[in-house]
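This is what each chain is made of:
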Amino acid sequence: MSADTQFHVHHDAPEVVGRRERLGVRLLIVADGAFLFGMIFTFFYLKNLNNSGAWLPPDHKKMFSVASAWIGTLPLVIAFLSHKMGQRNLKTIGNFSIITFVSLIVGLIYQLNQMGSMHFIDEETHSFQGAYASSWVLLAGANTFHYILGSFIALGLVIRARRASVDPTLEKWRIRTAASWFTWIAVSGVICATALSLA
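Below you will find a few notes about this structure.

Criteria and cut-off values
One numbering rule holds for all chains: residues counted from 1, following each sequence as written. Local features are withheld for residues below a pLDDT of 70 in this predicted model, meaning they are given only at 70 or higher, and side-chain atom pairs are given and counted only at 80 or more; totals for whole chains, interfaces and linings count all residues. To get the side-chain values, all heavy atoms of the structure are used, and hydrogens and water are removed first. The pairing test for Phe, Tyr and Trp rings, Trp by its six-membered ring, is centres within 6.5 Å, and the orientation test on the planes gives stacked under 30 degrees, edge-to-face over 60, and tilted for anything in between. Only DSSP runs of H or I with at least four residues qualify as helices, and only runs of E with at least two residues qualify as strands; both kinds are numbered from the N terminus onward. Exposure classes here rest on a 1.4 Å probe applied to the protein chains alone. A residue is buried below 20% of its type maximum, exposed above 50%, and partly exposed in between. Note on geometry: axes are C-alpha line fits, over the in-contact stretch for helices, and angles between N-to-C directions span 0 to 180 degrees. For classification purposes, an angle smaller than 35 degrees is called roughly parallel, one larger than 145 roughly antiparallel, one from 65 to 115 roughly perpendicular, and anything else oblique. By convention the crossing between two helices is left-handed if the near helix lies anticlockwise of the far one by an angle smaller than a right angle, and right-handed if it lies clockwise. For this scheme, ten residues count as nonpolar: Ala, Val, Leu, Ile, Met, Phe, Trp, Tyr, Cys and Pro. Four count as charged, namely Asp, Glu, Lys and Arg, and the remainder, Gly too, count as polar. What counts as a salt bridge is simple: a side-chain nitrogen of Lys or Arg found within 4 Å of a carboxyl oxygen of Asp or Glu. Patches in this entry comprise residues that are over 30% relatively accessible and not in a salt bridge; like charges within 9 Å are linked, as are nonpolar side chains (Val, Leu, Ile, Met, Phe, Trp, Tyr) within 5 Å. A 1.4 Å probe and the Shrake-Rupley method give the accessible areas. Residues count as covered only by the protein chains that appear here. Contacts: residue pairs with any heavy atoms within 4.5 Å of one another. The span you would expect from a helix comes to 1.5 Å times its residue count less one. We define the bend at each residue as the angle formed by axes fitted to the 7 residues ending at it and the 7 residues starting at it.

1. Remarks on the packing of aromatic side chains
Counting across every chain of the model gives 3 aromatic pairs. Arranged with centres 6.0 Å apart and planes meeting at 15°, the rings of Phe 41 and Tyr 45 form a pair that is stacked. Residue Phe 41 and its partner Tyr 45 are located together in helix α1 (residues 14-49), separated by 4 residues, close to a single helical turn. A relative accessible area of 45% means that Tyr 45 is categorised as partly exposed. Judged by centre distance (5.3 Å) and plane angle (90°), the ring pair of Phe 43 and Phe 44 falls under edge-to-face.

2. Observations concerning the packing of helix α2 (residues 66-88) against helix α5 (residues 168-197)
Interhelical geometry of α2 versus α5 gives an angle of 160° and a closest axis separation of 9 Å. With respect to α5, the axis of α2 lies roughly antiparallel. Here the hand of the crossing between α2 and α5 comes out left-handed. For the contact of α2 with α5, the per-class residue count stands at 15 nonpolar, 7 polar and 2 charged.

3. What to know about the pattern of salt bridges
One pass over the full model with this rule turns up 1 salt bridge. Note that Arg 174 is salt-bridged to Glu 21, the shortest N-O span being 3.1 Å. Of this pair, Arg 174 sits in helix α5 while Glu 21 sits in helix α1, and the two are 153 residues apart along the sequence. The buried category is assigned to Arg 174, whose relative accessible area is 17%.

4. Structural notes on a nonpolar patch on the surface
Taken together, Phe 41, Tyr 45 and Leu 49 make up a surface patch of nonpolar side chains, about 330 Å² in accessible area. Given a relative accessible area of 57%, Phe 41 falls into the exposed group.

5. Structural notes on the packing of α2 against helix α4 (residues 131-163)
Across the interface, α2 lies against α4 with an axial gap of 11 Å and an inter-helix angle of 30°. One way to sum up the angle between α2 and α4 is to call them roughly parallel. When you trace α2 past α4, the crossing you get is left-handed. From α2, Gly 72, Thr 73, Pro 75, Leu 76 and His 83 reach across to α4, where they touch Asn 143, Tyr 147 and Leu 157. For the contact of α2 with α4, a count of residues per class yields 4 nonpolar, 4 polar and no charged.

6. Quick word on α2
Taking 1.5 Å of rise per residue, the 23 residues of α2 would be expected to cover 33 Å, and the 34 Å separating its terminal C-alpha atoms lies within 8% of that figure. Bending of α2 peaks at approximately 25° at the position of Thr 73, with proline Pro 75 no more than four residues after it. Residues of α2 that are buried: Ser 68, Ala 69, Gly 72, Thr 73, Pro 75, Leu 76, Ala 79, Ser 82, His 83 and Gly 86. Looking at the buried positions of α2, the neighbouring elements they touch are α3 (93-116), α4 and α5.

Here it is in structure tokens:
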């Protein structure tokens, strides 16, 4: 039996591991971007098609306000900005990661509350009223996915900053990799809010 109990995380150099992790996140961003732009295309296609007035129900009161879309995007932008501020000085990344995490949790709660209180479901048929409602649910689902995954990444950064002792080179790579994701979710949130503003 061996007396060596040292735990080896990776056998590759930290730069190699960092590049590999960053490539994985960038591929996720490309796939998520393709999905998001497909939803945006569908949103505007259905809006311009508008067969038999199917885009919106006759009473337009069932739409969400433009401000609600931007309020739902604000926590994504705050998370991006706070992570960028923490990235400037790695000694403060733990504190800024807490701000990132809290803003994403607040945004997730807001998004789930907004999805739970949708007022464009028909009481009789229990179905969505119009193509706007269906498109809105898809875009809200995309934002929810971004909030969940972003919160998970931010929580990992908070825990790592408080407890872990990791190779500094690998840690820099991981913080830059997380920055790629936080940048993307802020951009996608702005794209979704802009699309909903043009409804």
